[in-house]
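Residues per chain, in single letters:
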Amino acid sequence: MAFVALGQGSAGNSAAPTKASRVAFILLAPGMIYLGLFFLTPLVSLVITSLKTASFTGEIGMYDYGFQVSNYAYALEQYLPQITRSFVYALIATLMALLISYPIAYFIGVKARAKPILQAFLLTLVIAPFFISFLLRTFAWKQIFSNESPATQFLQSIGVLAPDQYVIGSSFAVIAGLTYNFIPFMTLPIYTSLERLDTRLVEAGADLYATPAQTFWKVTFPLSLPGVISGTLLTFIPISGDYVSASRDFLGGSDTAMIGNVVEANFFRIQDYPTASALSVMLMAAIVVLVSVYVRKSGTEELL
Amino acid sequence: MKFSLGKWLLPTYVALAFIFTMIPIGYTFVFSFNKVEKSNIAWKEFTFDNWLNMCGQPVVCEAFGNSVAIAIISTLISTGLGTAIAIALGRYKFKGRAATNLLLFLPMATPEVVMGAGLAAQFLNVGISKGFWTIVVAHVMFTLSFVVVTVKARVATLDPRLEEAGRDLYANASSVFWRITFPLLLPGIMAAAMLSFALSFDDFIITQFNSGPETTFPKFVYTAAARGIPPEANVIGSLVFIVAIAIVMIVQVRASLKAKKLRA
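As the structure is a computational prediction, the values presented were derived from the model and not from experiment.

Rules and cut-offs
For every chain, the first residue of the written sequence is number 1, and numbering continues from 1 along that sequence. By the order in which they are written, chains take letters starting at A while ligands take numbers starting at 1. Thresholds applied to this predicted model are a pLDDT of at least 70 for local features of residues and 80 or more for the giving and counting of side-chain atom pairs; totals over whole chains, interfaces and linings are not thresholded and use all residues. Strands here mean DSSP runs of E at least two residues long; helices mean DSSP runs of H or I at least four residues long; both are numbered from the N terminus. Only C-alpha atoms enter the radius of gyration, while the globule expectation follows 2.2 Å times N to the 0.38, with N the number of residues. We call a residue exposed when 12 or fewer other C-beta atoms sit within 10 Å of its C-beta, buried when the count reaches 20 or more, and partly exposed for counts in between; the C-beta positions come from the backbone. Throughout, a pair of residues is in contact if the C-beta atoms placed from their backbones lie within 7 Å. pLDDT: the predictor's confidence for each residue, scored from 0 to 100. In these notes, a nonpolar core means any group of buried Ala, Val, Leu, Ile, Met, Phe, Trp, Tyr and Cys residues linked to one another through C-beta atoms within 7 Å. Under the scheme applied, nonpolar residues are Ala, Val, Leu, Ile, Met, Phe, Trp, Tyr, Cys and Pro; charged residues are Asp, Glu, Lys and Arg; polar residues are all the others, including Gly. Expected span, for any helix, means 1.5 Å times one less than how many residues it has. Note on bend: the value at a residue is the angle between axes fitted to the seven residues ending there and to the seven starting there.

**Notes on the overall build of chain B**
And then number 1: Each helix and strand counted, chain B has 11 helices and 0 strands in total.
And then number 2: Starting at the N terminus, the α and β elements of chain B follow one another as α-α-α-α-α-α-α-α-α-α-α.
And then number 3: Relative to a compact globule of 264 residues, whose C-alpha radius of gyration would be 18 Å, chain B shows 23 Å and is clearly more extended.
And then number 4: Along the longest, intermediate and shortest principal axes, the C-alpha atoms of chain B span 75 × 70 × 35 Å.
And then number 5: Per-residue burial for chain B yields a buried fraction of 41% across its 264 residues.
And then number 6: For chain B, the proportion of contacts with a sequence separation of at least 24, taken over those separated by at least 6, is 78%.

**As for the overall build of chain A**
And then number 1: What chain A contains, in helices and strands, is 11 helices and 2 strands.
And then number 2: Written out in order from the N terminus, the α and β elements of chain A read α-α-β-β-α-α-α-α-α-α-α-α-α.
And then number 3: For chain A, the C-alpha radius of gyration of 25 Å lies well beyond 19 Å, the compact-globule estimate for 304 residues.
And then number 4: The buried share of chain A, taken over its 304 residues, is 44%.
And then number 5: By sequence separation, contacts in chain A at least 24 residues apart represent 64% of the contacts at least 6 residues apart.

**Notes on the confidence of the model for chain A**
And then number 1: Considering every residue of chain A, the mean pLDDT works out to 87; 92% of them sit at 70 or more.
And then number 2: Across residues 1-16 of chain A the pLDDT falls below 50, and counting only partners more than four positions away or on other chains, this stretch makes 30 contacts in the model.

**Examining the nonpolar core**
And then number 1: In this structure, Leu-279 of chain A together with Ile-85, Ala-88, Ala-117 and Val-221 of chain B are the most contacted members of the largest nonpolar core, which totals 135 residues.
And then number 2: In contact with Ala-117 of chain B, other than residues within four places in its own chain, are Leu-46, Val-263, Phe-267, Ala-276, Ser-277 and Ser-280 of chain A together with Phe-209 of chain B.

**A few points about the interface of chain A and chain B**
And then number 1: Contacts between the two partners involve 79 residues from chain A and, on the opposite side, 75 residues from chain B.
And then number 2: Contributions of two or more residues to the side of chain A that touches chain B are made by α1 (2-9), α2 (17-50), α3 (70-111), α4 (116-127), α5 (134-144), α9 (212-241), α10 (259-269) and α11 (273-298) of chain A.
And then number 3: Top contributing element to the side of chain A that touches chain B by residue count: α2 of chain A, with 21 residues.
And then number 4: Residue classes in the side of chain A that touches chain B are distributed as 58 nonpolar, 18 polar and 3 charged.

**Some remarks on unusual backbone geometry**
And then number 1: In the Ramachandran plot, Gln-271 of chain A falls in the positive-phi region, its phi being about 55 degrees despite a non-glycine side chain.
And then number 2: Locating Gln-271 of chain A in the fold gives a position in the loop between α10 and α11.
And then number 3: Even without being glycine, Tyr-170 of chain B reaches a positive phi, approximately 65 degrees.
And then number 4: Secondary-structure assignment places Tyr-170 of chain B in the loop between α7 (160-168) and α8 (173-202).
And then number 5: Since 7 C-beta atoms lie within 10 Å of it, Tyr-170 of chain B is described here as exposed.

**A look at helix α7 (residues 171-195) of chain A**
All names here are of chain A.
And then number 1: The first and last C-alpha atoms of α7 sit 35 Å apart over 25 residues, in line with the 36 Å expected at 1.5 Å per residue.
And then number 2: Along α7, the helix axis deviates most sharply at Phe-182, where the bend reaches about 45 degrees; the proline Pro-184 sits within four residues downstream.
And then number 3: For α7, a buried count of 21 out of 25 residues is recorded, marking the element as mostly surrounded by other parts of the structure.

Below, the structure is given as structure tokens:
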């Protein structure tokens, strides 16, 4: 009964530090052990699997423990286009999501502040997509822009698309789908930052004869930066590993595969677990490097 | 003329953005009423049949039931574990806080495909066959950090003097917790549980890697996409949407009524 012990521990913060830390330990241990077992050791498993060698028996899907570093070279050589594509797509989709989300967040957090009901309604609209399976939403886009659909025919008739050109299967469709799916993840953190924005600072900017644009870039935007940073991370990271939008059954085509699609194919279809693991390890390493550089550059250490 | 473009630019942009985000939801809803012969792509005819006969495709309902069961079980576990961690982080000084925070932050900063493939590789190496319970294990793992973050925010707003007052009045530790701390934390715990449920229910990538032959609603949709998704899936998707929106509205109305009462 960790909860029962709680009251005793906080009784005297300074009087009984050992007792308090024991309670803290009891509260923390189950969850942290859980994460250790099912989050950390799987990452180790991934590294171990990525170094396995093909089984002597030559059976498909069977591998022996080993230290075959060349699995990484193979994965890189084989799938470099998909790896690069993942990061390019993720970068573009993150920027697009930022362009769409920032005005929404600004409107709800600053402009609608005086109208709590409107604010609550708009926030509900922001999170509404969460309540319908993202696979159904992504598939809906596929149907809306399917090859014989009115939307596609319209685009072809006004000349945006050539008569034999289609939306589905293009990089554009995949990036648009990725952007769409992650808009709420971008909007909510930015909203949280802007909601706390002291509008008197903006007024002060105007009083000092700054143009609205200057006030925005010198006052509003810097103050919303923590939200922008967590929003871009919450968007970029999942997008870089996503494989639903880029799947051929959804919005993708023959040359839109991302790293996630390759991991999926290697894991399930080819059963090449070492290559799938090597790709995952590289993705994780790239994300860790990118995130730490980004967080350091933007000067926010406190993310949790 | 004081009609300025600037004044209308932002609301128009926001309205267009919301239309963009709502289109697929409306589409899913509308096509749940489509009379379908072969594929649910082109609009044929309006019908209530899909709604009246939701389990016409038994696989859809079975997958849905699995998703609900997995979401409930994993939410109970992750909310329990996560609340304990949040209280420890918010209330206690202990060594290794930085490491704890890092371990909690990492799952939120890891692409799902990495967590999914990692856990699957571990199950493979250890020789555990995948199914219902491996999905539960995976879902608790990736929802836990979100529970901690949500409950921690609530712990931070808690006034420690209320608990002290309870103790001054000779309440023992367990009644202080259950009669003071827990009720005050409850809104945060409920929010965390709802978030955890939603994350688990809608998860696909981690689930696909750790489900084996077991199917969930998102997994069913993904597999069906190659052949065309049956309208029953649209019905269930729409139904979940309506229920979830109703819950959110009730919560919001109750919160605003409470705020009014406090002000009065």
